[in-house]
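What the coordinates show
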Amino acid sequence: MEGFPLSDHPKTVKIEFPLADQTCEVDYDDTLVDATFRYELPIRYRCERAVCTTCLVEVIEGQENLSPIEPREQQTLAAIKAQPNWRLACQVSVMGDVKLDYVPITDPRRKREE
Ligand code: FES
């Protein structure tokens, strides 16, 4: 996995939801769902397996500070014609500061293939 060398990475990283005016600090490499449990972040989730897309988030800043996209997540994002800066929170670990926004299941930008 890319990111900081083990000895150089920060102990904590900041997750910010500017549109919801919410910020928290989590441990380096925590998942967004872990953070949601602890800090009640504005992220909804269901399957936690990159299937339902309920947990879709838009990365406003810090895309490079998130874990790489694995094939299962990539397949699901492609199926809904996701924007390049959208990720499935249930598949993402945070390795640096990020700014995010939740993309509700009713967002008209979602275009699931028939
Ligand atoms: S919770 Fe279902 S895709 Fe993330």
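Now for a look at the structure at hand. (Residues numbered from 1 in each chain as written. Predicted model: local features only at pLDDT ≥ 70, side-chain atom pairs only at ≥ 80, totals over all residues.)

Let us look at the nonpolar core. Counting 23 residues, the largest nonpolar core has Ile-15, Ile-43, Cys-55, Val-57, Leu-88, Ala-89 and Val-94 as its most contacted members. Looking at this core, the elements with two or more residues in it are strand S1 (12-17), helix H1 (32-39), strand S3 (56-61) and strand S5 (98-102). Here the element with the most residues in this core is S5; it accounts for three residues. What Ile-43 contacts, discounting residues up to four positions off in sequence, is Leu-32, Thr-36, Cys-55, Val-57, Ala-89 and Tyr-102. (Core = buried A, V, L, I, M, F, W, Y, C linked by C-beta atoms within 7 Å. Buried ≥ 20, exposed ≤ 12 C-beta atoms within 10 Å, placed from the backbone. Helix = DSSP H or I, 4+ residues; strand = E, 2+ residues; numbered from the N terminus. Contact = placed C-beta atoms within 7 Å.)

Our next topic: the environment of Leu-88. With respect to the helices, strands and loops of the structure, Leu-88 is situated in strand S4 (residues 86-88). Judged by the 29 C-beta atoms lying within 10 Å of it, Leu-88 is buried. Put simply, Leu-88 and Val-103 are 15 residues apart on the chain and 9.9 Å apart in space, counted from C-alpha to C-alpha. Discounting chain neighbours no more than four positions away, the residues touching Leu-88 are Ala-50, Thr-53, Cys-55, Leu-56, Glu-73, Thr-76 and Leu-77.

Before going further, it helps to spend a moment on the pairing of S5. Side chains Val-98, Leu-100 and Tyr-102 of S5 all project onto a buried face; the interleaved residues Lys-99 and Asp-101 project onto a face where none is buried. One ladder, built from two bridges, connects S1 with S5; its direction is parallel. The residue of S5 that forms the bridge with Ile-15 is Val-98. When S3 meets S5, the two strands line up antiparallel, connected through four bridges. The residue bridging Glu-61 from the neighbouring strand is Lys-99, located in S5. (Pairing = 2+ DSSP bridges.)

If you trace the five strands from one edge of the open sheet to the other, you get S2-S1-S5-S3-S4, paired in mixed fashion. Each edge of the sheet is formed by a strand with only one pairing partner; in this case those strands are strand S2 (22-27) and S4. Pairwise comparison of adjacent strand axes, ignoring direction, gives a mean angle of 35° for this sheet. Strand direction decides the pairing type here: S3 and S4, joined by three bridges, are antiparallel. Bridge assignment links Val-57 to a residue of S4, and that residue is Arg-87. (Axes fitted to C-alpha atoms, helices over the stretch in contact; angles between N-to-C directions.)

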